[in-house]
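The residues making up each chain are set out below.
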Amino acid sequence: MPGLLRGIARTAVVAGTATAVSNRVSRRQAGRWAAQEEPAARQDAPPPQQYAAPAPAPAPAAAAPLADDMSNKIDQLKELGALKEQGILTEAEFAEQKSRLLGT
């Protein structure tokens, strides 16, 4: 039974981290697209061909205030630390997940 719980806990942490990273990448890419379109509009050039942007993934954390987002990150860091202390995550896995979560 503990092996099953470890697997579930690891999956939950990885899925949560993947969601956070995916949302951050989507926001960063949208910012880059907006920055690329802005200079072209200033030069009175014909507008670039418009592509339909993919629909953003629903993110309940995006609607939450900044304090809730920070609290969520702290909770995820605590979960990662607990998994590392239990021996579920190696030091390298912990460092990788931590850097992804913090965006560094």
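Please read these numbers as outputs of a predicted model, since none were measured by experiment. (Residues numbered from 1 in each chain as written. Predicted model: local features only at pLDDT ≥ 70, side-chain atom pairs only at ≥ 80, totals over all residues. Heavy atoms only, no water.)

**Side note on the overall build of the chain**
So, point 1. The helix and strand inventory of the chain stands at four helices and zero strands.
So, point 2. Secondary structure of the chain in N-to-C order comes out as α-α-α-α.
So, point 3. Residues counted as buried form 12% of the 104 residues belonging to the chain.
So, point 4. Intrachain contacts of the chain at a sequence separation of at least 6 include 62% that bridge at least 24 residues.
So, point 5. For the chain, the accessible area works out to roughly 7900 Å², and carbon and sulfur atoms hold 60% of it. (Helix = DSSP H or I, 4+ residues; strand = E, 2+ residues; numbered from the N terminus. Buried < 20%, exposed > 50% of the residue type's maximum accessible area, 1.4 Å probe, protein only. Contact = heavy atoms within 4.5 Å. Areas by Shrake-Rupley, 256 points an atom, 1.4 Å probe, with all protein chains shown as cover.)

**Notes on the nonpolar core**
So, point 1. Formed by Val13, Leu80, Leu83, Ile88, Leu89, Phe94 and Leu101, the largest nonpolar core amounts to seven residues.
So, point 2. Where this core is concerned, the elements lending two or more residues are helix H3 (66–85) and helix H4 (91–102).
So, point 3. What Phe94 contacts, discounting residues up to four positions off in sequence, is Leu80, Gly81, Lys84 and Leu89. (Core = buried A, V, L, I, M, F, W, Y, C linked by side-chain atoms within 4.5 Å.)

**Regarding a nonpolar patch on the surface**
So, point 1. Residues Leu4, Leu5 and Ile8 make up a contiguous nonpolar surface patch of roughly 310 Å² in combined accessible area.
So, point 2. Its location among the elements puts Ile8 in helix H1 (residues 2–42). (Patch = residues over 30% accessible without salt bridge, like charges linked within 9 Å, V, L, I, M, F, W, Y side chains within 5 Å. Salt bridge = Lys/Arg side-chain N within 4 Å of Asp/Glu carboxyl O.)

**A word on a positive patch on the surface**
So, point 1. A cluster of like positive charges, contributed by Arg24, Arg27, Arg28 and Arg32, occupies part of the molecular surface.
So, point 2. Mapped onto the fold, Arg27 is located in helix H1. (Lys, Arg positive; Asp, Glu negative; His and termini not counted. Charge placed at Lys NZ, Arg CZ, Asp CG, Glu CD.)

**Section: H4**
So, point 1. The terminal C-alpha atoms of H4 lie 16 Å apart, and with twelve residues this matches the ideal 16 Å at 1.5 Å per residue to within 8%.
So, point 2. For H4, the complete set of buried residues consists of Phe94, Gln97 and Leu101. Mapping the buried residues of H4 onto a view down its axis gives an arc of 75°, with all of them on the same face. Pointing more than 90 degrees away from the buried face of H4 are the exposed residues Glu91 and Ala92.
So, point 3. Gly103 lies just past H4 and shows a positive phi near 75°. (Expected span 1.5 Å × (residues − 1). Arc of directions from axis to C-beta.)

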